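Letter by letter, the chains look like this.
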Amino acid sequence: MDAREAALRRAQGHAVRWLASLHDRRVPARASVDEIVRALGEELPDAPSPPADVVDLLATACEPGLTAFPGGRFYGFVVGGTEPAALAADWLVSAWDQNCVMRAASPAYAAVEEVAGAWLLDLLGLPGTGVVGFTTGATMANFTCLAAGRDAVLRRAGWDVARDGLVGGPGVRVIAGEDRHMAVDLALRYLGLGRPELVAADGQGRMDPAALRRALAAGGQRPTLVVLQAGDIHSGAFDPFTEAVGAAREADAWVHVDGAFGLWAAASPRYAHLTAGCADADSWATDAHKTLNVPYDCGLALVRDPSALRAAMGLRGDYLIQDEQGDPVDKVPELSRRGRAFTVWAALRSLGRSGVAELVERLCGHAAAFAAGIAGTDGATVLNDVVFTQVCAGFGDDGRTERVLARLLDDGTAWISGSTWRGRRVMRISVSNWSTTDEDVARTLAAIRRAAAGA
């Protein structure tokens, strides 16, 4: 057995043991950063080490500091797990080590990206003539779509941003709801557009379409981007797309939808009504690691007009072997990147249309079960309308809510984060993992009750 095979076999053993531990292990990490640094060794060795031994050291030193993100009882942030076919495909991505820039360099990757992109557009009910770029995550997916929108509205105003930059050109307005995700602001900062103009939202975070219409009317004829939301990070609520897109269209604005986890509602007959009118937008961003449960590093930038995306993202180089049909490089910011479409294709092929719908519905069902269980807990109140996968709850005043959260993390059964929503501290549960079971929900609710009883 050569050194590479020995290292791979050793890594497989550690990976299998890690995954097998998820059902019973504490969800929070057990070791601190300093403890892991000491276990790894702070000094770089002078001499080489056998690859298999390096794998063993990495796995044994890091294991106590790992959080059980892939397990069924992690509900923090909006973090999915990794569906089995997608995990196995990701191992192949590393082994194949493809340059995923051009069709000529890796016909296999280009073909998989083409097929997976078409499946995504179909599954999400978006225009089949659109195009999909595979980015690092939802933030860069938003960046990519908004770059296409920025350049498009400036071209309509007679300004070529690719040639002349932003200085001296018409100012671009960006309008978003007051409860938009912070990733939108970050993407706009990257694009040189600054903070968006904010319009009112209702108590669940849904943009007020009448307020949007007033804001558009007050801005004159400036080039404009309107950012809508599919899935509020706290409530899970969806903007009223039909009315909001209609108002934006009247103002000749580019409409973008930040749907990091909520866009997947369109794949379920039971929840597709939440996205009614969403397909009339110009671009959409989501993260396949969230609701679809593929490995990290897989955002999706979906754009109605392929030429708008290529104008913003495309590049030319004398040394590149570029195809007149277009290349993966024409759709995203990066040149060097992983073969992200391989994992998306694997997840979609494994689940099929009905499996994706069932996954979405199962996650939503668990969220509803959490809401019902918390509502029956002494002193607890569910604060949002649970329409998708998010649950926000309070346990009396902010101090008691903080104590419940702290006791819950100490208990170790589950990992649930706190947040501040509508001026108060909340327990925010995000159900995103394909492997979460009814038993996981019951165990977590029991842990929440223990924490509440002691707080």
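Note: the structure precedes this text.
Residues numbered from 1 in each chain as written. Predicted model: local features only at pLDDT ≥ 70, side-chain atom pairs only at ≥ 80, totals over all residues. Heavy atoms only, no water.

A. View of the overall build of the protein. Counting its regular elements, the protein contains 14 helices and 11 strands. For 455 residues, the compact-globule estimate of 2.2 N^0.38 gives 23 Å, and the protein sits close to it at 23 Å. The principal-axis extent of the C-alpha atoms belonging to the protein is close to 60 × 60 × 45 Å. The long-range share in the protein, meaning contacts at least 24 apart out of those at least 6 apart in sequence, stands at 73%. As presented, the protein carries roughly 19700 Å² of accessible surface, and 55% of it is formed by carbon and sulfur atoms. In the protein, 45 positive and 55 negative side-chain charges are present, and the distance between their average locations comes to 3 Å. (Helix = DSSP H or I, 4+ residues; strand = E, 2+ residues; numbered from the N terminus. Rg over C-alpha atoms; globule rule 2.2 N^0.38 Å. Contact = heavy atoms within 4.5 Å. Areas by Shrake-Rupley, 256 points an atom, 1.4 Å probe, with all protein chains shown as cover. Lys, Arg positive; Asp, Glu negative; His and termini not counted. Charge placed at Lys NZ, Arg CZ, Asp CG, Glu CD.)

B. Broad picture of the sheet that holds strand S2 (residues 173-177). Within the open sheet, the 7 strands sit side by side as S1-S7-S6-S5-S4-S2-S3. Their pairing is mixed. Each end of this open sheet is capped by a strand with a single partner; those strands are strand S1 (131-135) and strand S3 (197-199). Averaged over all neighbouring strand pairs, the angle between strand axes comes to 20°, with direction disregarded. Of the pairings in the sheet, the one linking strand S4 (residues 224-229) to strand S5 (residues 254-258) comprises 5 bridges and is parallel in character. Looking across to S5, one finds that Val-226 is bridged to Val-255. Sheet contacts for helix H6 (residues 138-156): S1, S4, S5, strand S6 (283-287) and strand S7 (299-303); angle to S5, the most-contacted strand, approximately 175°. (Pairing = 2+ DSSP bridges. Axes fitted to C-alpha atoms, helices over the stretch in contact; angles between N-to-C directions.)

C. A look at unusual backbone geometry. Its identity is not glycine, yet Asp-252 carries a phi of approximately 60°, on the positive side. Looking at the secondary structure, you find Asp-252 in the loop between helix H10 (241-250) and S5. With a phi angle near 75°, Asp-297 is a residue other than glycine that sits in the positive phi range. Relative to the helices and strands, Asp-297 is located in the loop between S6 and S7. Taking relative accessible area as the criterion, Asp-297 reaches 27% and is therefore assigned partly exposed. (Buried < 20%, exposed > 50% of the residue type's maximum accessible area, 1.4 Å probe, protein only.)

D. Fine view of the packing of aromatic side chains. Under the defined criterion, the tally for this structure stands at 12 aromatic pairs. Each ring, one from Phe-74 and one from Phe-77, has its centre 6.2 Å from the other, and the planes form 40°; the classification is tilted. Under the relative-accessibility criterion, Phe-74 is labelled buried at 0%. Here the aromatic rings of Phe-77 and Trp-415 are separated by 5.3 Å at their centres, their planes lie at 40°, and the arrangement is tilted. In this pair, Phe-77 is assigned in the loop between helix H3 (51-62) and helix H4 (84-96) and Trp-415 in the loop between helix H13 (398-411) and strand S10 (417-421), connecting sequence segments 338 residues apart. Judged by its relative accessible area of 43%, Phe-77 is partly exposed. (Phe/Tyr/Trp six-rings, centres within 6.5 Å; stacked < 30°, edge-to-face > 60°.)

E. Structural view of the pairing of S4. Of all 6 residues making up S4, 6 are buried, and the element is well covered by its neighbours. Burial along S4 is two-sided: the residues Thr-224, Val-226 and Leu-228 and Leu-225, Val-227 and Gln-229 are all buried. Where S2 and S4 come together, 4 bridges link them in parallel fashion. Across the sheet, residue Ala-176 finds its bridge partner in S4, namely Val-227. Once the chain exits S4 it traverses H10 before rejoining the sheet at S5, and the crossover so formed is right-handed. (Right-handed = clockwise from strand over helix to strand, strands pointing away.)

The quantities given are spatial measurements derived from coordinates; they are silent on function.
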